[in-house]
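Geometric and topological summary
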Amino acid sequence: MDIPLTGRAPKLLLVIAALCAACGGGRGAIIVVPPNGSTTEGVDVSKFQGNVNWSAVAGSGKSFAITRVSDGLTVDSTFQQNWQGIASAGLIRGAYQFFQPGMDSAAQAALLLSQIGTLGPGDLPPVLDVEVTGGQPGAQINAEIGTWVAIVQAAIGRSPIIYTAPQFWATTIGSRPNFGTDLWTADWNPNLPHVSSPWTGWEFWQYSISGNVAGIPGQVDLDRFNGSLAELQAYAVQASTVPEPTTMVAGALLLLPLGLQAIRHLRNRKT
């Protein structure tokens, strides 16, 4: 269902945000970025929503759903059920991983890729949910994000998405690089969404964490895509993402340290 919202961010604010993004490492600037025009409604879920009736969700007017793959290296017990159910209901589907900065970022990326398999038509790029520090400093978190993004991008052939709250990113990561990712901004209940530099726009906006949707027990997160349903369909994957040989080699090289680490772990368990 498309919601007609209009307005554009003032050009001056976008210029200021871009300048702040170039500063590197400082506190990020936060600006208001209205939708480009119409928006498209969706939800995001995890095991905390229980068993979801995805046909009912689709019937309620939602056009997309994003489901949690894991919390760090712990797989969400409802992921595969939701991943299949979203597609069966004819919804555009996505997957997000709750990022644990204190855990191996390469291992987290490998887990996500193993769970989602080959992306096909109607699938969104994977999402990295960045909202905790895990006791790590901003520079280290940013470096781990870069590792995760590189591995996922090499595997799927396009940039993933980062989910974060503007205040968290601005104060924790600051104006460090976002590695060319699109933004899913978490900004609850304002009239218009905010974003933190270095982004100057958003693709998705989580605007509530207390919504009620047919087919979902209890409350659920509500989201909007920055565009029409046709634009969302165009943004999603158009064909199965089978990496080119060079991309596969690059991904293998990125994952090699993870494989060696796993072998060492197994050897240690046997001794």
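Residues numbered from 1 in each chain as written. Predicted model: local features only at pLDDT ≥ 70, side-chain atom pairs only at ≥ 80, totals over all residues. Heavy atoms only, no water.

1. Re the nonpolar core
Definition in use: Residues grouped as a nonpolar core are buried Ala, Val, Leu, Ile, Met, Phe, Trp, Tyr and Cys residues, joined through side-chain atoms within 4.5 Å. Burial classes follow relative accessibility: with a 1.4 Å probe on protein chains only, a residue under 20% of its type's maximum area counts as buried, one over 50% as exposed, and anything between as partly exposed. Runs of H or I in DSSP of at least four residues are treated as helices and runs of E of at least two as strands, each being numbered from the N terminus. The contact criterion used is simple: two residues touch if any of their non-hydrogen atoms lie within 4.5 Å.
Ranked by internal contacts, the top residues of the largest apolar core, which has 45 residues, are V43, W54, V57, I116, V130, I145 and I216. No other element matches the seven residues that helix α5 (residues 138–156) contributes to this core. Leaving out residues up to four positions away in the same chain, V57 has contacts with V43, V52, K62, L91, V213, A214, G215 and I216. Membership of the second largest hydrophobic core comes to 15 residues, among which are F64, I66, Y96 and F225.

2. Here's the deal with helix α6 (residues 166–173)
Burial runs high along α6: six of the eight residues are buried. Buried residues of α6: P166, F168, W169, A170, T172 and I173, and no others. Of the residues one or two after α6, G174 is the one with positive phi, at around 75 degrees.

3. Thoughts on the pairing of strand β8 (residues 161–164)
Applied cut-off: Two strands are said to pair when DSSP picks up at least two bridges between them. Look down the strands so they point away from you; if the path from the first strand over the helix to the second goes clockwise, the crossover is right-handed.
Along β8, one buried face is formed by I161 and Y163 and the opposite face, lined by I162 and T164, is buried too. Strand direction decides the pairing type here: strand β7 (residues 127–129) and β8, joined by three bridges, are parallel. Residue pairing for β8: L128 is matched across the bridge by I162. As paired strands, β8 and strand β9 (residues 182–186) are joined by four bridges and run parallel to one another. Within β9, the position partnered with I162 by the bridge is L183. Read from β8 through α6 to β9, the crossover connection turns out right-handed.

4. Structural notes on the side chain of Q97
To keep it simple, the criterion reads: Counting of polar contacts relies on pairs of N or O atoms within 3.5 Å, with two restrictions inside protein: one atom must be capable of donating a hydrogen and the other of accepting it, and residues adjacent in sequence are counted only when both atoms are side-chain atoms.
Structurally, the position occupied by Q97 is in strand β6 (residues 92–98). At 3.0 Å, the side chain of Q97 and the side chain of S70 are in polar contact. In this structure the side chain of Q97 is engaged in a polar contact, spanning 2.8 Å, whose partner is the side chain of W148. Not counting the four nearest positions on each side in its chain, Q97 is found in contact with S70, G72, Q108, A109, L111, L112, V127, L128, D129 and W148.

5. So, the packing of aromatic side chains
Under the convention used in this document: Between the rings of Phe, Tyr and Trp (Trp by its six-membered ring), a pair exists once the centres lie within 6.5 Å; its type follows the angle of the planes, with under 30 degrees stacked, over 60 edge-to-face, and the other angles tilted. A ring is scored as having a charge over it whenever the NZ atom of a lysine or the CZ atom of an arginine sits within 6 Å of its centre and within 35 degrees of its normal.
Taken as a whole and judged by the stated rule, the model has 11 aromatic pairs. Ring centres of F204 and Y235 lie 6.1 Å apart, and the angle between their planes is 65 degrees; on these two criteria the pair is classed as edge-to-face. Of this pair, F204 sits in strand β11 (residues 204–211) while Y235 sits in helix α7 (residues 229–235), placing them 31 residues apart in sequence. The class of Y235 is buried, set by a relative accessible area of 12%. Where F225 meets Y235, the ring centres are 5.7 Å apart and the plane angle is 45 degrees; that geometry is what we call tilted. With F225 in strand β12 (residues 220–225) and Y235 in helix α7, this pair connects stretches of sequence that are 10 residues apart. Note on accessibility: F225 and Y235 belong to one class, buried. Taken together, F64, Y96, Y163, W184, F204, F225 and Y235 form an aromatic cluster joined through their ring pairs. Sitting over the face of the ring of W83, R93 holds its NZ or CZ atom 3.7 Å from the ring centroid.

6. Observations concerning unusual backbone geometry
Looking along the chain, the bond that leaves S197 and enters P198 is cis, with omega of 15 degrees. For F179, which is not glycine, the phi dihedral falls at a positive 60 degrees. When you line up the elements, F179 lands in the loop between α6 and β9. With relative accessibility at 31%, the residue F179 sits in the partly exposed group.

7. A closer look at the environment of V237
Summarising the element assignment, V237 is placed in the loop between α7 and α8 (245–270). Residue classification places V237 among the buried residues on the basis of a relative accessible area of 5%. Along the backbone, V237 and D123 are 114 residues apart, and their C-alpha atoms lie at a distance of 5.4 Å. Each residue touching V237, except ones within four places of it in the same chain, is listed here: L119, G120, P121, G122, D123 and R158.

Fair warning: the whole summary comes from geometry, so function is off the table for now.
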